[in-house]
Amino acid sequence: MSTVRVRFFASYAELAGCETTAVELSLPATVRDVVRRVREQLPGTRALPERPLAAVNLRHVKLDAPVGDGDEVALLPPLAGG
Amino acid sequence: MSTVRVRFFASYAELAGCETTAVELSLPATVRDVVRRVREQLPGTRALPERPLAAVNLRHVKLDAPVGDGDEVALLPPLAGG
Amino acid sequence: MTHLTRVPISIDDLIRAVGGPERGGTCVFLGTVRDAPADGGVTGIEYSGYDTMADAELDRILAEAGKRWPESRIAVRHRLGLVETEEASIAIAAAAPHRTDAFDACRYVIEAVKQRLPIWKKELRADGSALWVDPHGRPAVVGPPSPPPPV
Amino acid sequence: MTHLTRVPISIDDLIRAVGGPERGGTCVFLGTVRDAPADGGVTGIEYSGYDTMADAELDRILAEAGKRWPESRIAVRHRLGLVETEEASIAIAAAAPHRTDAFDACRYVIEAVKQRLPIWKKELRADGSALWVDPHGRPAVVGPPSPPPPV
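What counts, and where the lines are drawn
- Residues numbered from 1 in each chain as written.
- Chains lettered and ligands numbered in written order.
- Predicted model: local features only at pLDDT ≥ 70, side-chain atom pairs only at ≥ 80, totals over all residues.
- Heavy atoms only, no water.
- Helix = DSSP H or I, 4+ residues; strand = E, 2+ residues; numbered from the N terminus.
- Polar contact = N/O pair within 3.5 Å; in protein donor to acceptor, adjacent residues only side chain to side chain.
- Contact = heavy atoms within 4.5 Å.
- Axes fitted to C-alpha atoms, helices over the stretch in contact; angles between N-to-C directions.
- Left-handed = near helix turned anticlockwise from the far one by under 90°.
- Nonpolar A, V, L, I, M, F, W, Y, C, P; charged D, E, K, R; others polar.
- Pairing = 2+ DSSP bridges.
- Buried area = accessible area lost by both parts, 1.4 Å probe.
- Salt bridge = Lys/Arg side-chain N within 4 Å of Asp/Glu carboxyl O.
- Least-squares fit on C-alpha atoms with pLDDT ≥ 70 in both.
- Buried < 20%, exposed > 50% of the residue type's maximum accessible area, 1.4 Å probe, protein only.

(A) Here's a closer look at unusual backbone geometry. Residue and element names in this part refer to chain A. The step from Leu27 to Pro28 runs through a cis peptide bond, and the omega angle for that step is -5 degrees. Turning to its location among the elements, Pro28 is positioned in the loop between strand 2 (20-25) and strand 3 (29-30). Here the phi dihedral of Leu58 falls at roughly 75 degrees; this positive angle occurs in a residue that is not glycine. Of note, Leu58 is situated in the loop between strand 4 (53-56) and strand 5 (59-61).

Structure representation (structure tokens):
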């Protein structure tokens, strides 16, 4: 089993009830698998959109992007910078 | 006879040897007539382009624009603002 | 070097950072916090971000712009924390030998920021409520502001 | 009110002049005096103008932009006299509710200024010579600078 760190921000952190969590999953796995695991682990995150914006290791990715052991996965509410 | 005031700026003032002059001419007359009269009056202005930029009463005009008694006519070197 | 700051942005410093004797045109963009009287008034916006990624994303955006306008020099600052109405939440300065490049580079950066920067804002209303703002949709009431605005 | 000044332009003042709670985007353009090492170095530019017409023309340009972008507020300052290398000879600030309008209005003003403003510049070279600059053609040597640059 591999471990990825998951981070939540802004309204998603409020829904999740936490800012970071760890998710264990067997590789190969994608961001979509991480999102699925998060929904099981943190019931509040079931209110997140089906396909949230995501980043892996500080870069925007699609949900089918692979994740690896030790990666930092972030689920991002609609962006509002500027 | 009517009188218009003529102003020269920057390199044109250097060529004319003065910054302002008065030109007398009979109406109707155009800026082109003013330029012609200026060339007679101030030999240095013969080095000006055939069709210099011109303004009447603080507005850009074409050389066939009419001039009237008391108007301020300006002959403008290539613009370099900004 | 970080592009994020919790204190007011000095426009003069930003302009100085991109200036130079060979760059004759500088374009600056400021995004400022707007009031919204129709919504009962906005006193400020609380900005929060995914700091490490926002900084990395800004590095990438500046690198892209630098590749596209090689003679330009560009700097950007984005506020985090409470930004009061009429203060700048973001400032971008782009200097280039010619003005078209300065405008285009500055514009490129603000458009990329709007699309890509992992930063969020919570509108602080005059009535004490607070709302996460989704620039593409409707804000949703999420309760009283936290932390409370300083006096 | 005159848009012409013989002292350095305060960008902060200009930004404040156009700011307001309903205008969330501000675009600023600065034109700065460039050095020209290939020509032996430029220490500054002496700007002279047809003051009354330049001011009237700027009024007209701002009125046109105000009609085209009715929610914008725009201010402009143009230097006259000696402007040293890297100082701003012109600054324009345009604020609007949305950034596209702020960029477009600012761009409109600088393009109109370049086409229409009766202002001229004499380049002061490091070797003591001075040249009237024709932005559309070649500068022509016209003799020593007058007045001499201040120490």
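(B) A look at the side chain of Arg79 of chain C. All names here are of chain C. With respect to the helices and strands, Arg79 occurs in strand 4 (residues 73-79). Within the local environment of Arg79, its side chain forms a polar contact with the backbone oxygen of Leu82, the two atoms lying 3.1 Å apart. The contact partners of Arg79, leaving out residues within four places of it in the chain, are Thr5, Arg6, Val7, Pro8, Ile9, Tyr47, Glu87, Ala88 and Ser89.

(C) The arrangement of the packing of helix 2 (residues 51-68) of chain C against helix 3 (residues 99-116) of chain C in detail. All names here are of chain C. Their axes nearest at 10 Å, the elements helix 2 and helix 3 cross at an angle of 150 degrees. Here helix 2 runs over helix 3; the crossing is right-handed. Residues Glu57, Leu58, Arg60, Ile61, Leu62, Glu64, Ala65 and Arg68 of helix 2 form the contact with helix 3, whose participating residues are Tyr108, Val109, Ala112, Val113 and Arg116. Residues of the contact of helix 2 with helix 3, tallied by class, amount to eight nonpolar, no polar and five charged.

(D) Structural context of the sheet that holds strand 5 (residues 59-61) of chain B. All names here are of chain B. Read across the sheet, five strands follow the order 2-1-7-4-5 without closing on themselves; strand pairing throughout is mixed. Two strands bound the open sheet, and with one partner strand each, they are strand 2 (20-25) and strand 5. Each neighbouring strand pair of the sheet contributes to a mean axis angle of 35 degrees, computed without reference to strand direction. Two strands pair when backbone bridges link them, and strand 1 (residues 2-8) and strand 7 (residues 72-76) are joined in this way by four bridges, in the parallel orientation. Within strand 7, the position partnered with Arg5 by the bridge is Glu72.

(E) Looking closely at the interface of chain D and chain C. Taken together, the contact between chain D and chain C spans 33 residues of the former and 33 residues of the latter. Both faces combined, the contact of chain D with chain C buries some 2,600 Å², and carbon together with sulfur accounts for 55% of it. Per-residue buried area on chain D facing chain C is highest for Arg34, Arg99 and Phe103 of chain D; these three make up 25% of the total on that side. Here Arg99 of chain D ties to Glu111 of chain C by a salt bridge, and the two come within 2.8 Å at their closest N and O atoms. Applying the counting rule to chain D against chain C returns 13 residue pairs in polar contact (both at pLDDT 80 or more).

(F) Molecular detail of the relation of the copies chain D and chain C. Least-squares fitting of chain D to chain C yields an RMSD of 0.0 Å, with the superposition described by an axial translation of 0.0 Å and a rotation of 180 degrees. Here the transformation between the copies is reduced to the relation of a two-fold axis. By C-alpha distance to the rotation axis, the residue of chain D lying nearest is Val28 of chain D, at 2.4 Å. Same-surface contact between copies: 100% of interface residues of chain D are shared with the interface of chain C.

(G) Region of the structure containing the pattern of salt bridges. The tally for this structure, following the rule as stated, stands at 28 salt bridges over all chains. In this structure, the salt-bridge partner of Glu22 of chain C is Arg23 of chain C, at a minimum N-O distance of 3.2 Å. A relative accessible area of 42% places Glu22 of chain C in the partly exposed class. Exposure remark for Arg23 of chain C: the relative accessible area of 5% places this residue in the buried category. Glu87 of chain D is paired through a salt bridge with Arg79 of chain D; the nearest N and O atoms lie 3.1 Å apart. Among the residues examined, Glu87 of chain D registers a relative accessible area of 27% and is labelled partly exposed. Under the relative-accessibility criterion, Arg79 of chain D is labelled buried at 4%. In this structure, a network of salt bridges that share partners links the residues Glu57, Arg60, Glu64 and Arg116 of chain C.

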